[in-house]
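Structural overview
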Amino acid sequence: MACLLEAPLRISVLSEVTATSRHYVDRLFDPDPQKVLQGVIDMKNAVIGNNKQKANLIVLGAVPRLLYLLQQSSSSMELRTECAVVLGSLAMGTENNIKSLVDCHIIPALLQGLLSPDLIFIEACLRCLRTVFISPVTPVQLLYTDPTVIPHLMSLLSNSLRTQEYITQIFSHCCKRPQTILFNHGAIQNIAPLLISPSYKVRMQALKCFSVLAYENTQVSMTLVNVLVDGEQLTQVFVKMMQRDQPIEMQLTAAKCLTYMCRAGAIRTDDSCIVLKTLPCLVRMCSKEHLLEERVDGAETLAYLMEPDVELQRIASTTDHLVAMLADYFKYPSSVSAITDIKRLDHDLKHAHELRQAAFKLYASLGSNDEDIRKKPILESGVIELLCSLTQSDSPALRVNGIWALMNMAFQADQKVKVEIVRCLGTEQLFRLLSDPDSNVLMKTLGLLRNLLSTRPHIDQIMSTHGKQIMQAVTLILEAEHSLEVKEQTLCILANIADGNTAKDLIMTNDDMLQKIKYYMGHSNVKLQLAATFCVSNLIWNEEDGSQERQDKLREMGFVDILHKLTQSSDPNLSDRAKTALQQYLA
């Protein structure tokens, strides 16, 4: 049977395994059913909390025999139930244990067991199935192989609190993508009443189930809005679950449900259950008194909730010192000496990266649309210094995220924010990032530079102090072997520089740069041609001082001939852009 552990066992270990565990397996083959039952019970007691013993028994072939006994109609109900309990205990070991159990076809055997009329046996099978399915190594599609399984599980929901807990937990782990299968089998109607179950575990698993079903699913979310639970709107049930006197896990999951329904278009962003309940609850989850995982979850969900909505971003930025709270995410864990629990410290160090990632997502959401948010709370919190310091990290992922957050902050920002970013980052670091070996870092740095060089006064101001270095960096990128995306972004930066009043002189006095623009106007890639033509258009624009001299110089260099050719382009955008540029000569 294919039930061996993946790692080969050494001979010395195998002899020890045989000596200590063989008798447990041998007793499963005894001709006396009563002795077999006692052997299974003894095995159950031996494996509780003992991963080594679990692995030994799997290696010695206990699983196929247990499954055989479980499926035999001649086995007593008590024996079949005890077999399911032992299998469930073996599943609580390592991921290798789970793989071995799945390879032995435990799932179809347990699903078959659910057809039994015996509730205790059904609960034991479900408990084991739950343990197997919540493991990341179990293929979730195994739940959907037989089309009769989901309807049968739905029918078992009403049998007991345990069946409700286990089945909803299986569903929440197995319906992340094929949400429609559960939806079509009446999951919402069957699971909604469980939200007011007397059992906390049942309520919690039902809630998790809804959060998974509603995520990025308009059909489910629109249905949930109209569901009544004991005469009360489902959204109001979720709101009650977010109250401060509820366990944190419940508050957070209820907030996720409402967040996903809102993002799916089923609840308006200005609805009181979002503005007055969900958003404050998620901000609360970001505070440092919560566990690290809760803070990560809260920050990521909050970022997702407010990402498309300026008003929610504005409210969040002024709620409970959120921006200052996020600054703490980068200092975590703050002090080794302050944490006496070494295990906790080890855990936190491992997850500190997740905390930073969550903060990046929130900063990106907060700073993406609203100028007032960037201007005051973010500037005052010292976040810019933190993000700039992260761009010097050895980790490419941290460098990317630091730059990405700064790029969002610089988007349509006022001059004060831009100057602060340039000051904190420093010219040397900016140009170090422009030669970063990681293409993602380079792209995000170009995006930052493009956002910094927008609106004329800002362009002229930054180019007056850093123009020489920026032009040098642009030259190096256009000459080097880079992707088309990098070249396009660089030409867009050049087009922004060409839009400045005084900054454009840095291009016009640089014949080498003008030749490069000319080269890219004739490139085979339309996006590069468009960006280069846009640059020319900005240089020769009629209404600006010195436009006649610039037009004459570019005519002498052959730009007008290229523009005429581009008006015949099969790409309508490129053709229109070339015609617009040529009109400057005719005006």
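Now for a quick tour of the structure. (Residues numbered from 1 in each chain as written. Predicted model: local features only at pLDDT ≥ 70, side-chain atom pairs only at ≥ 80, totals over all residues. Heavy atoms only, no water.)

Secondary structure assignment for the protein chain yields 35 helices and 2 strands. By the burial criterion, 55% of the 587 residues in the protein chain qualify as buried. Long-range pairs, those at least 24 residues apart, make up 69% of the contacts in the protein chain between residues at least 6 apart in sequence. Total accessible area on the protein chain is roughly 26,400 Å²; 52% of this is exposed by carbon and sulfur atoms. (Helix = DSSP H or I, 4+ residues; strand = E, 2+ residues; numbered from the N terminus. Buried < 20%, exposed > 50% of the residue type's maximum accessible area, 1.4 Å probe, protein only. Contact = heavy atoms within 4.5 Å. Areas by Shrake-Rupley, 256 points an atom, 1.4 Å probe, with all protein chains shown as cover.)

The subject of this paragraph is the packing of helix α34 (residues 559-566) against helix α35 (residues 572-586). As a packed pair, α34 and α35 sit with axes 8 Å apart at the nearest point and diverge in direction by 140°. Overall, the two elements α34 and α35 adopt an arrangement that is oblique. Of the two elements, α34 crosses α35, and the hand of that crossing is left-handed. Facing α34, whose interface residues are Val560, Leu563, His564 and Leu566, α35 presents Leu574, Ser575, Ala578, Ala581, Leu582 and Tyr585. (Axes fitted to C-alpha atoms, helices over the stretch in contact; angles between N-to-C directions. Parallel < 35°, antiparallel > 145°, perpendicular 65-115°, else oblique. Left-handed = near helix turned anticlockwise from the far one by under 90°.)

Turning our eyes to something else, we now look at helix α27 (residues 439-452). The terminal C-alpha atoms of α27 lie 20 Å apart, and with 14 residues this matches the ideal 20 Å at 1.5 Å per residue to within 8%. Within α27, burial applies to Val441, Leu442, Thr445, Leu446, Gly447, Leu448, Leu449, Asn451 and Leu452. For α27, the secondary structure elements touched by its buried residues are α24 (396-410), α25 (415-425), α26 (427-433), α28 (456-479) and α29 (484-498). Regarding α27, its N-cap is Asp438, as a side-chain oxygen of that residue lies 2.9 Å from the backbone nitrogen of Asn440 further along. (Expected span 1.5 Å × (residues − 1). Polar contact = N/O pair within 3.5 Å; in protein donor to acceptor, adjacent residues only side chain to side chain.)

The next thing to look at is the nonpolar core. Phe238, Leu494 and Ile507 are the most contacted members of the largest nonpolar core, which has 203 residues in total. Other than its neighbours up to four places away in sequence, Phe238 contacts Leu195, Leu207, Phe210, Ala254, Cys257, Leu258 and Met261. (Core = buried A, V, L, I, M, F, W, Y, C linked by side-chain atoms within 4.5 Å.)

Looking now at the environment of Thr168. The topology assignment puts Thr168 in helix α10 (residues 161-174). With relative accessibility at 0%, the residue Thr168 sits in the buried group. On a C-alpha basis, the gap between Thr168 and Met154 in space is 9.4 Å, while along the polypeptide they are 14 residues apart. In this structure, Thr168 is in contact with Leu157, Ile191, Leu194, Gln205, Ala206 and Cys209, ignoring residues within four places of it in sequence. A distance of 2.6 Å separates a polar side-chain atom of Thr168 from the backbone oxygen of Gln164.

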